[in-house]
Structure formats: C-alpha cells, structure tokens
Amino acid sequence: IASSLFPTTTNSTKESLSKGNNGAGDEGARSSSDALARLSALQRIDLRNNRISAQGWEAIGKALSGLMSLVVVNGWEGYGELRVGEVAELAARGVEGAWALAAVWLQRSAASLTAVDVSMNRLGDGELASLAAMRELRALTRLDLRSNSLGATAGSALHNALEHLGELRELLLG
C-alpha cells in the first residue's frame, strides 16, 4: 500500500479497491492512510497479503473508520454491520486485519455480542488481551480464539476476564 498506489488525486467516487499482494508492509499502510480516508464512496476494499502487522492494520482501521459506505473489508462482509452496532455475532475467522478493524467499532456492539470468532487471524498477546479486557462483553457465550498466538499475557488476561464474562460457556483455544 505504498503511497504510490494511492496518488494524491485519488478518485473519491471509487466504490471498490483491490490492492492485495503488493508487499507494502506497515510503512505503506501508514503512508496510505490519508489517501484511503478520501475514498468517500468506497464500499469494498481488499488489502490482503501485504505483510501488514497489527500496527499497520490499526492505521488502516482509523483511516477507514470515516468511510460510512464501506461494508466489505478483505472479503469480510460483517464489517458494515459491526460499524452500525448491535451485532450479536462477530464472525471474522481468518480475515486478515480483522481485529484491528473490528476494534474501531466493537464498543458499539459489545453489550449485544454473544459470540466472537476471531480464529485464524494471527492475533498476538496485545490484541487478545485487549479483547479479554473488554468488560462490556457481559453477554458473550462463545469465544473462538483458535490458531492465534496466545501467550502468557493473553492467557493471564483471559483468566482475569472470566470474572466479567459470566455468561461464557464455550472458550475455544489451541
């Protein structure tokens, strides 16, 4: 997502953008955020396979947060619903950048969420610990964290979260 992919004259009426497999990395993600934010008519975007870490996805998430027309990110069709709020199930299994993108809007749906599936997202301790620490997730009954990088920090946060996740009946790890 190097800035050359998004020239300063970016067409704000563009509805779909696919810039996957460019190897842009975090620097490309950060340097392209302003251009992404100007794509006011964007409905679908695909930025997969660009070697972007959680920090790069966070910059992209902030840039995309002002795009009210956006409904599909990296093939994840639940993005638009989560942005509106009151979602009962967050299903973002294997969606690259899903947690960083969902974190921008998660508070709107936190109280109504009963199931969260962020398995196969290569999430690290920081992302998993921040999810576990969300006290608003009181209605959560199912949490799927399989195939992520669950370390001691996230494990400890999950252990502590069990107090406020009183409705949790199914915790999938591994």
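Below or above, wherever it landed, is the structure these notes cover.

Quick notes on the rules
Residues numbered from 1 in each chain as written. Predicted model: local features only at pLDDT ≥ 70, side-chain atom pairs only at ≥ 80, totals over all residues. Heavy atoms only, no water. 1 Å grid on protein atoms, 1.4 Å probe; cavity = no way out; pocket = protein on both sides within 12 Å on 5 of 7 lines; lining within 4 Å. Points joined across faces, edges and corners; volume = space filled by probe spheres on them. Helix = DSSP H or I, 4+ residues; strand = E, 2+ residues; numbered from the N terminus. Nonpolar A, V, L, I, M, F, W, Y, C, P; charged D, E, K, R; others polar. Contact = heavy atoms within 4.5 Å. Axes fitted to C-alpha atoms, helices over the stretch in contact; angles between N-to-C directions. Parallel < 35°, antiparallel > 145°, perpendicular 65-115°, else oblique. Left-handed = near helix turned anticlockwise from the far one by under 90°. Pairing = 2+ DSSP bridges. Buried < 20%, exposed > 50% of the residue type's maximum accessible area, 1.4 Å probe, protein only. Core = buried A, V, L, I, M, F, W, Y, C linked by side-chain atoms within 4.5 Å. Patch = residues over 30% accessible without salt bridge, like charges linked within 9 Å, V, L, I, M, F, W, Y side chains within 5 Å. Areas by Shrake-Rupley, 256 points an atom, 1.4 Å probe, with all protein chains shown as cover. Salt bridge = Lys/Arg side-chain N within 4 Å of Asp/Glu carboxyl O. Arc of directions from axis to C-beta.

### Describing the layout of surface pockets
Reported here for the largest pocket is a volume of approximately 260 Å³. Ile52, Trp57, Gly97, Asn121 and Arg122 are the residues nearest the centre of the largest pocket, which is lined by 17 residues in total. At the level of elements, helix H2 (54-64) and helix H4 (98-109) are the ones that each hand at least two residues to the lining of the largest pocket. Broken down by element, the lining of the largest pocket gets its largest block of residues, three residues, from H4. The class makeup of the residues in the lining of the largest pocket is eight nonpolar, five polar and four charged.

### Remarks on the side chain of His164
With respect to the helices, strands and loops of the structure, His164 is situated in the loop between helix H6 (152-161) and strand S7 (170-172). With near-sequence residues (within four places) excluded, His164 lies in contact with Ala132, Ala133, Met134, Arg135 and Arg138.

### Structural notes on the packing of H2 against H4
When two helices pack together, their arrangement is given by the angle between the helix axes and by the axis-to-axis distance. Across the interface, H2 lies against H4 with an axial gap of 8 Å and an inter-helix angle of 40°. Put simply, H2 runs oblique to H4. As for how H2 packs across H4, the hand of that crossing is right-handed. Of the residues in H4, those touching H2 at Ala54, Trp57, Glu58, Ile60, Gly61, Lys62 and Leu64 are Ala100, Leu101 and Val104.

### A word on the sheet that holds strand S2 (residues 44-46)
Reading across the sheet, the three strands line up as S1-S2-S3 and stay open at both edges, with parallel pairing between neighbours. The two strands at the open ends of the sheet, each matched to only one other strand, are strand S1 (16-18) and strand S3 (72-73). Direction of pairing for S2 relative to S3: parallel, over a ladder of two bridges. Paired with Ile45 across the bridge in S3 is Val73.

### Here's the deal with the environment of Asn160
Examined against the element boundaries, Asn160 turns out to sit in helix H6. A C-alpha to C-alpha distance of 24 Å links Asn160 and Arg93, two positions 67 residues apart in sequence.

### Structural notes on the environment of Asn121
Mapped onto the elements of the fold, Asn121 is located in the loop between strand S5 (115-117) and helix H5 (125-132). A relative accessible area of 10% means that Asn121 is categorised as buried. Between the alpha carbons of Asn121 and Ala98 there is a distance of 7.3 Å; along the sequence they are 23 residues apart. Excluding its chain neighbours within four sequence positions, the residues that come into contact with Asn121 are Ala92, Arg93, Gly94, Val95, Glu96, Ala98, Ser147 and Asn148.

### Considerations on the nonpolar core
With 49 residues, the main nonpolar core has Leu36, Ile45, Ile60, Leu64, Trp76, Leu90 and Leu131 as its most contacted residues. Of all the secondary-structure elements, those providing two or more residues to this core are helix H1 (25-37), H2, helix H3 (79-84), H4, H5 and H6. When residues in this core are grouped by element, the largest group, seven residues, is from H4. Excluding residues that lie within four positions of it along the chain, Leu64 makes contacts with Leu36, Ile45, Leu70, Tyr79 and Leu101.

### Section: a nonpolar patch on the surface
Together, Leu150, Leu162, Leu171 and Leu173 make up an exposed nonpolar region whose accessible area comes to about 310 Å². Relative to the helices and strands, Leu173 is located in the segment after S7.

### What about H6?
Listed as buried for H6 are Ala154, Ala157, Leu158 and Ala161. Angularly, the buried residues of H6 cover 100° about the axis, an arc narrow enough to put them on a single face. For H6, exposure combined with an orientation more than 90 degrees from the buried face picks out Ala152 and His159. The inward-facing, buried residues of H6 contact H5 and strand S6 (142-144).

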